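One letter stands for each residue in the lines below.
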Amino acid sequence: MQFKHPEILYFLFLLVIPILVHLFQFRRFKKEFFTNVKLLKEIQIQTRKSKSIKKWLLLATRLLLLAALIIAFAQPFFNAKDAVNKENELVILLDNSFSMQAKGAKGELLKRSIQELLESFPENQTFSLLTNSEVFWDTDIKSIQKELQNLDYAPTSFELDALINQIELKKPNSSKDYMIISDGISVTSEKINTISENNEIYWLQPKAEKSVNISIENATITEVSDAFYTLEVVLKAFGTVENEIPLTLYNNDKAIAKTQVTFEKSEQKIKLSIPKKEMAGRIVIQDNSLQFDNVFFFTIQSHEKTNVAIIGEVSKNKFLHRIYTNEDFVTYETTLEQLDFNRLENQQTIVLNEVKEISQALQTNLVSFYEKGGNVIVIPSTESNLESLNGLSKKIGNVTFSNPSKTEKQITKISFNHPVYKNVFEKNVTNFQYPKVNSNFIVSKNSSPILQFEDAEIFISSVTNKLGTVYFFASAINKTNSNFQNSPLIVPTFFNMAMGNDTKDKLAFTISENETKIIDADLKKDEVVSVSNESNSFIPMQQILSNKVKLTFGDYPEQAGNYNVKQKDKLITSLSFNFPRNESDVTLQSTLNNDNFAKINSVDEVLNDLHTKRTDTVLWKWFIITTLLLLLIELLIQKFVK
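Heads up: these notes are all about the structure in this document. (Residues numbered from 1 in each chain as written. Predicted model: local features only at pLDDT ≥ 70, side-chain atom pairs only at ≥ 80, totals over all residues. Heavy atoms only, no water.)

Tallying secondary structure elements over the chain gives 12 helices and 37 strands in all. Across the chain, contacts joining residues at least 24 apart in sequence account for 70% of those joining residues at least 6 apart. Of the roughly 35200 Å² that the chain leaves accessible, carbon and sulfur atoms contribute 50%. (Helix = DSSP H or I, 4+ residues; strand = E, 2+ residues; numbered from the N terminus. Contact = heavy atoms within 4.5 Å. Areas by Shrake-Rupley, 256 points an atom, 1.4 Å probe, with all protein chains shown as cover.)

Here is the structure:
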């Protein structure tokens, strides 16, 4: 037993006072001679004995009463079982990712967890609370009640290590108790092993009633006719889906197509024929699980032609005109001698087709064009000046051309995952009619290969700065030097190169993936473009590139939907944004080691456990009660003991 105020125990010396008083109250009996009556003598002896017993009882009672009162004021207590950690800070990590939309026995997992926090925490309990999107340091439940009730779902996953790092930066070198509230979907952590050594960790894992979910993964235009688009919608099922799922396609608020989806396998591709016109669309399905991935927003805009400049001899450019037709492209063809540099700024793609020598002026213009988001295709001549060719390639991507070879080589390897060929092939092709070249340069391998020779040397490679892309051929592709112009690869290769990183045909962007978009806009000084719809608005990061603007979206917008991009009141373009689908798989479970934390069933269980282990056993109340009982005993002795 310990005392909060041990100095008060010195007052126990006051116990001497009742002892002294008691001793001085003893009286001597005098002999009185009466008639020798036996009865009176017996009464005298009994009275003397009873008075002596009463006085001793009163002395003991008063001594105990005074001692109990003094000890009560000294506030005695027994140390808590876990006294070492009783000053720990309580930190709550609350998962508000989309997987917490799942319904448990008492409703949505997140909403029920918040309600349990509000009901269980005492108002004077101090703690810190971190979610995927919000942070509350050193607060109490009453102060953040409104914020918790309005807490929305976050598009980001529950990154446990990121939250732990944030806590350690804010509160280093302090012991903490962690309460983690998460469904555990895809939760991983390396730091939990470290913090569990010196901190208590409690894990409350709310359970969903069903582990089945259906997600709309993507939508793309796969075919184009004179009057219709073919829209391919990719859906994915997680878990076993027994019933047909209704799917509806809307243009604004008007339903234009409906179908039923049967999941014979986990992934289904549904093709819908839609009118070939501008569309602010959304695809909607209905399932009884997560809701965030049941809607996919997309935008189809009027087709804008791509500006392509072709620099080279007219006789060698004929194959390019068969690819860059008037339906999709506006071409500007010129020889090097007649080139108008002022027209290059208005191009999306520049093709250098077998230009023998690239002047310094052209090199400078091409580098600037590339840095502002343009695409450059460099096809060397068999007679190219290596010094001028390397002057351009080194400035752009430290790529070098060397060792011209006159050995015939076949082009046998395709990089199917490269953006140029990503959507060209339904499956990887291993046997096709290989094109060949009669001579080529050796291109350094510090660029991304697109096509390669049979000896693994590069035929086409690319360098990108995420704005523009430069494509390097290792050889001339005229019919004298190569049969590549007769290959089935020629059309998709040059067509997709001309499009490059251009996103004008991109149907939708993904929130929080920091994607970019280059738009045509001539901004004045201090002028910006904004992105908005009926309920949300934000200003993205933007970089002015001559008569273009690069928009970087970061983690914005906060809500999925169809948006308009405006320069003041002028509509520039329309964009669609969807939440990432990384929370859709409800079958994924946490891989964390259960030995690092205590699994709990409720918030009350944590609070009770901490209170039981960390709270000292206070005894002063019992000593006050003892004092009152002794006072009562003294009164009873006074009254009933004769």
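Next comes the rest of the description.
This part covers the packing of helix H8 (residues 360-371) against helix H9 (residues 386-397). Contact geometry for H8 and H9: axes closest at 10 Å, N-to-C directions at 25°. By the angle between their directions, the pair H8 and H9 is classed as roughly parallel. Along this stretch, H8 crosses H9, giving a crossing that reads as right-handed. Packed against H8, whose contacting residues are Gln360, Gln363, Leu366, Val367 and Tyr370, the element H9 presents Ser388, Gly391, Leu392, Lys395 and Ile396 at the interface. Tallied by class, the residues present in the contact of H8 with H9 amount to five nonpolar, four polar and one charged. (Axes fitted to C-alpha atoms, helices over the stretch in contact; angles between N-to-C directions. Parallel < 35°, antiparallel > 145°, perpendicular 65-115°, else oblique. Left-handed = near helix turned anticlockwise from the far one by under 90°. Nonpolar A, V, L, I, M, F, W, Y, C, P; charged D, E, K, R; others polar.)

Attention now moves to the environment of Gln149. The residue Gln149 is located in helix H4 (residues 145-149) in this model. As a C-alpha pair, Gln149 and Leu118 span 31 residues in sequence and 9.1 Å in three-dimensional space. The residues contacting Gln149, other than those within four sequence positions of it, are Lys111, Ile114 and Leu118.

This brings us to the pairing of strand E13 (residues 254-261). Sheet topology places strand E12 (residues 245-251) next to E13; seven bridges connect them, and they run antiparallel. Among the inter-strand pairings, Thr248 is bridged to a residue of E13, identified as Lys258. (Pairing = 2+ DSSP bridges.)

This part is about the nonpolar core. Ranked by size, the top nonpolar core spans 59 residues in total, and within it Tyr324, Leu451, Phe459, Phe473, Phe484 and Phe494 carry the most contacts. Excluding anything up to four places from it in sequence, Phe473 contacts Ile377, Val378, Ile379, Pro380, Phe401, Phe459, Ile460, Phe484, Phe494 and Met497. Leu94, Leu290, Phe538 and Ile600 belong to the second largest nonpolar core, which has 47 residues in total. (Core = buried A, V, L, I, M, F, W, Y, C linked by side-chain atoms within 4.5 Å. Buried < 20%, exposed > 50% of the residue type's maximum accessible area, 1.4 Å probe, protein only.)

This part covers helix H3 (residues 109-120). The terminal C-alpha atoms of H3, which comprises 12 residues, lie 16 Å apart, in line with the 16 Å expected from a rise of 1.5 Å per residue. All buried positions along H3 are accounted for by Leu109, Leu110, Ser113, Ile114, Glu116, Leu117, Leu118 and Ser120. (Expected span 1.5 Å × (residues − 1).)

With that settled, consider the packing of aromatic side chains. Considering all chains together, one arrives at 21 aromatic pairs under this definition. When the centroid spacing of 4.9 Å and the interplanar angle of 50° are considered together, the rings of Phe121 and Phe127 count as tilted. A relative accessible area of 4% places Phe121 in the buried class. An aromatic cluster is built from Phe319, Phe453, Phe459, Phe473, Phe484 and Phe494, whose rings are joined through pairwise contacts. Positioned above the aromatic ring of Phe509, the side-chain terminus of Lys506 is 5.5 Å from the ring centre. (Phe/Tyr/Trp six-rings, centres within 6.5 Å; stacked < 30°, edge-to-face > 60°. Lys NZ or Arg CZ within 6 Å of the ring centre and 35° of its normal.)

This brings us to the sheet that holds strand E16 (residues 295-300). Overall, antiparallel pairing links the four strands, which are arranged E13-E12-E15-E16 in an open sheet. Here the strands that pair on one side only, and so sit at the sheet edges, are E13 and E16. Taking the axes of each pair of neighbouring strands and ignoring which way they run, one obtains an average angle of 20° across the sheet. Inspection of the sheet shows strand E15 (residues 279-285) paired to E16 by six bridges, in the antiparallel sense. Pairing of Gly281 across the sheet is with Phe298, part of E16.

Each neighbour pair has its own omega, and for Tyr556 with Pro557 the value is -5°, a cis peptide bond. Tracing the backbone through its elements, the reader meets Pro557 in the loop between strand E33 (548-552) and strand E34 (561-567). Positive phi values are uncommon outside glycine, yet Asn403 reaches one of about 45°. Along the chain, Asn403 turns up in strand E21 (residues 401-405). The backbone of Lys568 sits at a positive phi, close to 60°, despite the residue not being glycine.

Read from one edge to the other, the open sheet built from three strands follows the order E29-E33-E32, with strand pairing classed as antiparallel. A strand with exactly one partner marks an edge of an open sheet, and here the two such strands are strand E29 (516-520) and strand E32 (541-545). Across the sheet, the axes of successive neighbouring strands diverge by a mean angle of 25°, strand direction being ignored. For E32 and E33, the ladder comprises five bridges, and the chain directions are antiparallel. Residue pairing across strands places Met541 opposite Thr552, the latter belonging to E33.

So, about the environment of Tyr556. Examined against the element boundaries, Tyr556 turns out to sit in the loop between E33 and E34. A relative accessible area of 43% places Tyr556 in the partly exposed class. Other than its neighbours up to four places away in sequence, Tyr556 contacts Phe538 and Phe577.

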